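The residues making up each chain are set out below.
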Amino acid sequence: MRKIVGFILIVIMTVGMSLTAFASVETDHDDYNDYSWEKEDIEGTPSTERWSYIARTSQGMSITDDSTAIMTGSLTGYRGTTTKVIIYMYLQRRQDGIWKNLTWTKDEFNNYYGTAERLKYDCSRGTYRLKVSYYAYAGSKYENHVAYSATYIY
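Report follows, based on the coordinates. Source: prediction; values computed, not measured. (Residues numbered from 1 in each chain as written. Predicted model: local features only at pLDDT ≥ 70, side-chain atom pairs only at ≥ 80, totals over all residues. Heavy atoms only, no water.)

## Quick look at the sheet that holds strand β3 (residues 69-77)
Phase 1: Spatially, the three strands line up as an open sheet ordered β2-β3-β6, and their pairing is antiparallel. In this open sheet, the two strands that pair with only one neighbour each are β2 (54-63) and β6 (113-120). Each strand of the sheet is rotated relative to its neighbour by a mean of 5°, with strand direction disregarded.
Phase 2: Alignment of β2 against β3, held across nine bridges, turns out to be antiparallel. Residue Ser62 lies in a different strand from β3, and its bridge partner there is Ile70. (Pairing = 2+ DSSP bridges. Helix = DSSP H or I, 4+ residues; strand = E, 2+ residues; numbered from the N terminus. Axes fitted to C-alpha atoms, helices over the stretch in contact; angles between N-to-C directions.)

## What about the nonpolar core?
Phase 1: Ile63, Ile87, Met89, Leu91 and Tyr128 are the most contacted members of the largest nonpolar core, which has 21 residues in total.
Phase 2: At the level of secondary structure, the elements contributing two or more residues to this core comprise β2, β3, β4 (84-95) and β7 (127-138).
Phase 3: The element that contributes the greatest number of residues to this core is β7, accounting for six residues.
Phase 4: Grouped together as the second largest cluster of nonpolar side chains are eight residues, Ile42, Ile86, Tyr135 and Tyr137 included. (Core = buried A, V, L, I, M, F, W, Y, C linked by side-chain atoms within 4.5 Å. Buried < 20%, exposed > 50% of the residue type's maximum accessible area, 1.4 Å probe, protein only.)

Printed below as a string of structure tokens:
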């Protein structure tokens, strides 16, 4: 009988120690929105090198007292290398623990730099951020960079 009880205890301990619990940890970069259509809209071949066509980017957002969101994205490429800039901006609001797109815009510049500024009226109270997807071209090759503004509580 002692052998059977000993065996059962060994089985229970082995099974109990082999089970691993996984907790879902959400980070600021969790993004449940679908952006596959953005890639379908982009023509050309992606560059394998980073920061070859983009010198710097900046993005920011704020909401005025009359509930208007001001979104700004800017990309500067390299003169003589960068030939076109595309800026996608997504105003996102934190809802139910995830970031959800409220609106998006697309601006295209046939130059080595570009700055986009857009407005979204009637924003409700909440936590916001701006996601910006930058594309810089050199001929038919492009480089993509995604950046986020700081969060803004309104």
